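What follows is each chain in one-letter form.
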Amino acid sequence: MTPKRELQIAFGLIIILLLVGVISYAAFPAKPPEVPIRMYYKSVAGNAMFDHKTHFAESGYALDCTQCHHHPPYPENLDDAILKCGYCHKALAKGQNYPDSCLDCHDEADLEDSKIAKKSDAFHSQCIGCHKEAGSGPTDCNACHVL
Amino acid sequence: MFEQKKFTVSHAPFWHVGSSVSTRSYNIIFAALPAVLFGVFTYGIPAVGVIALSVSSAITWEIAFNKVAKRPPCIGDGNAAMIGLLLAMLLPATAPWWLVITGTFVAVIIGKQIYGGIGANPFNPVLVSLAILTLSWKNFLDFNEVLVNYDFSYPMAYPLASLKHFGVFAISNLKPAALLMGQQSGGIGAIFGLGLILGGIYLIIRGYIRWEISISFLAGVWITALLFNMADPAHYAGPVFHLVTGYTLIGAFFLATEDSSSPVNFIPMLIYGASAGVLTVLIRNIGAFADGVVFAILIANLINPLVDKIRPKALGKVI
């Protein structure tokens, strides 16, 4: 190869690959799947990975959606229950017993003596509760959390 | 100025295989293709985006530097393209565009050009770049985090992270053969071990890389991992696991062998390769990072000038 030809190849690579690169990034933005596959939580106690799909897939632990997406208890439509846990389990202001999001579906009168766990407590008691009950799955802090 | 008839004494590497620098670069790119294509099939369009952007931006940085430094363009030698490709192979398919462009800037300009260009860099430019990216934006390189949306028939927890954080038990269901065939999470071009080995064999046969470095690197990994494993099998994974996960194979055949940051004589090559291999497992087993290849090879680059002093005595030398 002559130096001139080598230069042409290099410039060709710049132009073609720049085009391909820009198109790949711009025209095909990665969109997250509708039902998440895995989640990766970050917290002061270290990151924690939750393999969502394996928990409900037939080939995995075959759990029912409503075992975790638990409220409303008997949803007419599963979608009503499939919300982020943090939608209902939030840190509350002083004097508040439940978050405003409950009022989407309930009257204030229904909720008089309701108490709601904050998000990380909800996670811990659900995840660890079931693992204890099932006798398998991590229950120790450092089996979920990675610093 | 460049037309002047002067004898130019060039810098290392002096090893000559009878072909030009550009043939060498493009042969290395060719040898990397099996692993690269496998990554593209696995991760799809996002992987194409990272690879294409990485190669094109690496060449662009190089020509830009040539212009600024008022030197004749050297992008024809294909070295920048090769750097771009190797960097892309180490990155996750989800790397954002700015990370890729920053990465190639660090590799081409800081890793290579400021030392005087090809042959003058004391460290492997690709690894300098990846080390800086790892230290600066570690979340974007955490395979567990950035590949959460990929779903395959095999477990997608990054094997070395599982090993580091959850112990040998967490990797007990991973089969080495499956890992070798690319059934693991990791960098775009680093997961398909078999492809990397094939590429490496091709490069060794053609004389573009030195088998002494690759083999001593792998032997260093193997022996160190074996010793740890024999001492405490409940804590430390076996040697085969270390060979087929993380950046081990791409490190052995494409990174440790980078010419200007590695030695040229037989004994030094063995020392250099083996120390990189030993350090890799030390970092993995008792260091701070899940994978140790990047820093291990950089440290070996550091001792390269030293070990390269061990050389055969010149015949008939008179003092």
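Residues numbered from 1 in each chain as written. Chains lettered and ligands numbered in written order. Predicted model: local features only at pLDDT ≥ 70, side-chain atom pairs only at ≥ 80, totals over all residues. Heavy atoms only, no water.

## With respect to the overall build of chain B
Okay, so step 1: When you go through chain B residue by residue, the secondary structure sums to 14 helices and zero strands.
Okay, so step 2: At 20 Å, chain B has a C-alpha radius of gyration in line with the 20 Å of a compact globule built from 319 residues.
Okay, so step 3: Expressed as lengths along the three principal axes of its C-alpha atoms, the size of chain B is roughly 65 × 50 × 35 Å.
Okay, so step 4: Every one of the 319 residues in chain B was classed for burial, and the buried ones make up 55%.
Okay, so step 5: Put simply, of all contacts in chain B between residues at least 6 apart along the chain, 76% involve residues at least 24 apart.
Okay, so step 6: Per element, the accessible surface of chain B, about 13900 Å² overall, is 72% carbon and sulfur.
Okay, so step 7: Here chain B contributes 17 positively and 12 negatively charged side chains, and the mean placements of these two sets differ by 11 Å. (Helix = DSSP H or I, 4+ residues; strand = E, 2+ residues; numbered from the N terminus. Rg over C-alpha atoms; globule rule 2.2 N^0.38 Å. Buried < 20%, exposed > 50% of the residue type's maximum accessible area, 1.4 Å probe, protein only. Contact = heavy atoms within 4.5 Å. Areas by Shrake-Rupley, 256 points an atom, 1.4 Å probe, with all protein chains shown as cover. Lys, Arg positive; Asp, Glu negative; His and termini not counted. Charge placed at Lys NZ, Arg CZ, Asp CG, Glu CD.)

## Quick notes on the overall build of chain A
Okay, so step 1: If you tally the helices and strands in chain A, you get seven helices and three strands.
Okay, so step 2: What you see in chain A, going N to C, is helices and strands ordered as α-β-β-α-α-α-α-α-α-β.
Okay, so step 3: Expected size for 147 residues packed as a compact globule is a radius of gyration near 15 Å; at 24 Å, chain A overshoots this value by more than 25%.
Okay, so step 4: Projected onto its principal axes, the C-alpha positions of chain A cover 85 × 35 × 35 Å.
Okay, so step 5: Evaluated residue by residue, chain A yields a buried proportion of 20% over its 147 residues.
Okay, so step 6: Long-range pairs, those at least 24 residues apart, make up 31% of the contacts in chain A between residues at least 6 apart in sequence.
Okay, so step 7: Of the roughly 10800 Å² of accessible surface on chain A, 59% is carried by carbon and sulfur atoms.

## A closer look at the domain arrangement of chain A
Okay, so step 1: Domain annotation of chain A identifies domain 1 (1-30) and domain 2 (38-146).
Okay, so step 2: A C-alpha centroid distance of 47 Å is found between domain 1 of chain A and domain 2 of chain A. (Domains from an automatic or database assignment.)

## Describing the side chain of His52(A)
Residue and element names in this part refer to chain A.
Okay, so step 1: Summarising the element assignment, histidine 52 is placed in helix 2 (residues 52-56).
Okay, so step 2: In this structure histidine 52 comes out as buried when scored by relative accessible area, which is 10%.
Okay, so step 3: Leave out the neighbours within four places in its chain, and histidine 52 touches Val35, Pro36, Ile37, Arg38, Met39 and His69.

## With respect to the nonpolar core
Okay, so step 1: Counting 100 residues, the largest nonpolar core has Met89(B), Leu91(B), Tyr247(B), Ile250(B), Phe254(B) and Ile297(B) as its most contacted members.
Okay, so step 2: Beyond its immediate stretch of four places on either side in the chain, Leu91(B) contacts Val50(B), Val100(B), Leu130(B), Leu133(B), Leu141(B), Phe143(B), Gly187(B) and Ile188(B). (Core = buried A, V, L, I, M, F, W, Y, C linked by side-chain atoms within 4.5 Å.)

## Some details on the sheet that holds strand 1 (residues 39-41) of chain A
Residues and elements named next belong to chain A.
Okay, so step 1: The three strands lie next to each other as 1-2-3, forming an open sheet whose pairing is antiparallel. Lying at the two open borders of the sheet, with one neighbouring strand each, are strand 1 and strand 3 (145-146).
Okay, so step 2: Bridge count between strand 1 and strand 2 (residues 47-50): three bridges; the pairing is antiparallel. When the bridges of strand 2 are listed, tyrosine 40 appears paired with methionine 49. (Pairing = 2+ DSSP bridges.)

## A few points about the interface of chain B and chain A
Okay, so step 1: At the junction of the two partners, chain B supplies 35 residues and chain A supplies 31 residues.
Okay, so step 2: Buried area between chain B and chain A, both sides added, is near 2600 Å², and the carbon and sulfur share of it is 68%.
Okay, so step 3: At the surface where chain B touches chain A, the tally comes to two salt bridges.
Okay, so step 4: For Glu145(B), the salt bridge goes to Lys42(A), with nearest N and O atoms at 2.7 Å.
Okay, so step 5: Linking chain B with chain A are seven residue pairs in polar contact (both at pLDDT 80 or more), by the criterion used here.
Okay, so step 6: Broken down by secondary-structure element, the contributors of at least two residues to the side of chain B that touches chain A are helix 1 (21-43), helix 2 (45-68), helix 4 (97-110), helix 6 (143-146) and helix 7 (159-166) of chain B.
Okay, so step 7: Among the elements that line the side of chain B that touches chain A, the one with the most residues is helix 2 of chain B, at eleven residues.
Okay, so step 8: Counted by class, the side of chain B that touches chain A contains 22 nonpolar, ten polar and three charged residues. (Buried area = accessible area lost by both parts, 1.4 Å probe. Salt bridge = Lys/Arg side-chain N within 4 Å of Asp/Glu carboxyl O. Polar contact = N/O pair within 3.5 Å; in protein donor to acceptor, adjacent residues only side chain to side chain. Nonpolar A, V, L, I, M, F, W, Y, C, P; charged D, E, K, R; others polar.)

## Structural notes on the domain arrangement of chain B
All names here are of chain B.
Okay, so step 1: Domain parsing of chain B yields domain 1 (21-140) and domain 2 (153-307).
Okay, so step 2: The C-alpha centroid of domain 2 is placed 21 Å from the C-alpha centroid of domain 1.
Okay, so step 3: Facing 37 residues of domain 1, the contacting portion of domain 2 comprises 36 residues.
Okay, so step 4: Both faces combined, the contact of domain 1 with domain 2 buries some 2900 Å², and carbon together with sulfur accounts for 71% of it.
Okay, so step 5: At the boundary of domain 1 with domain 2, the tally comes to one salt bridge.
Okay, so step 6: The tally of links between domain 1 and domain 2 comes to 14 residue pairs in polar contact (both at pLDDT 80 or more).

## Some points on the packing of helix 1 of chain B against helix 9 (residues 193-206) of chain B
Residue and element names in this part refer to chain B.
Okay, so step 1: The interhelical angle for the contact between helix 1 and helix 9, taken along N-to-C directions, is 155°, at an axis separation of 7 Å. Considering their axes alone, helix 1 and helix 9 lie roughly antiparallel with respect to each other. When the axes of helix 1 and helix 9 are compared, the crossing they make is right-handed. For the pair formed by helix 1 and helix 9, the contact residues are Asn27, Ile28, Phe30, Ala31, Pro34 and Ala35 on the first element and Gly195, Leu196, Gly199, Tyr202, Leu203 and Arg206 on the second.
Okay, so step 2: When its residues are assigned to classes, the contact of helix 1 with helix 9 shows eight nonpolar, three polar and one charged. (Axes fitted to C-alpha atoms, helices over the stretch in contact; angles between N-to-C directions. Parallel < 35°, antiparallel > 145°, perpendicular 65-115°, else oblique. Left-handed = near helix turned anticlockwise from the far one by under 90°.)

## Overview of a nonpolar patch on the surface
Residue and element names in this part refer to chain B.
Okay, so step 1: A cluster of nonpolar side chains, contributed by Trp211, Ile215, Phe266, Ile267, Ile271 and Ile310, occupies part of the molecular surface with about 550 Å² of accessible area.
Okay, so step 2: Where the nonpolar patch is concerned, the elements lending two or more residues are helix 10 (211-231) and helix 13 (266-286).
Okay, so step 3: Of all the elements, helix 13 adds the most residues to the nonpolar patch, at three residues.
Okay, so step 4: Summarising the element assignment, isoleucine 271 is placed in helix 13. (Patch = residues over 30% accessible without salt bridge, like charges linked within 9 Å, V, L, I, M, F, W, Y side chains within 5 Å.)

## Re the pattern of salt bridges
Residue and element names in this part refer to chain B.
Okay, so step 1: All told, the structure shown has six salt bridges over all chains when counted by the stated rule.
Okay, so step 2: A salt bridge links glutamate 62 to lysine 112, with the nearest nitrogen and oxygen atoms 2.8 Å apart. Here the residue glutamate 62 occupies a position in helix 2, and lysine 112 occupies one in the loop between helix 4 and helix 5 (125-136), the gap between them amounting to 50 residues. Residues glutamate 62 and lysine 112 agree in their burial class; the two are buried.

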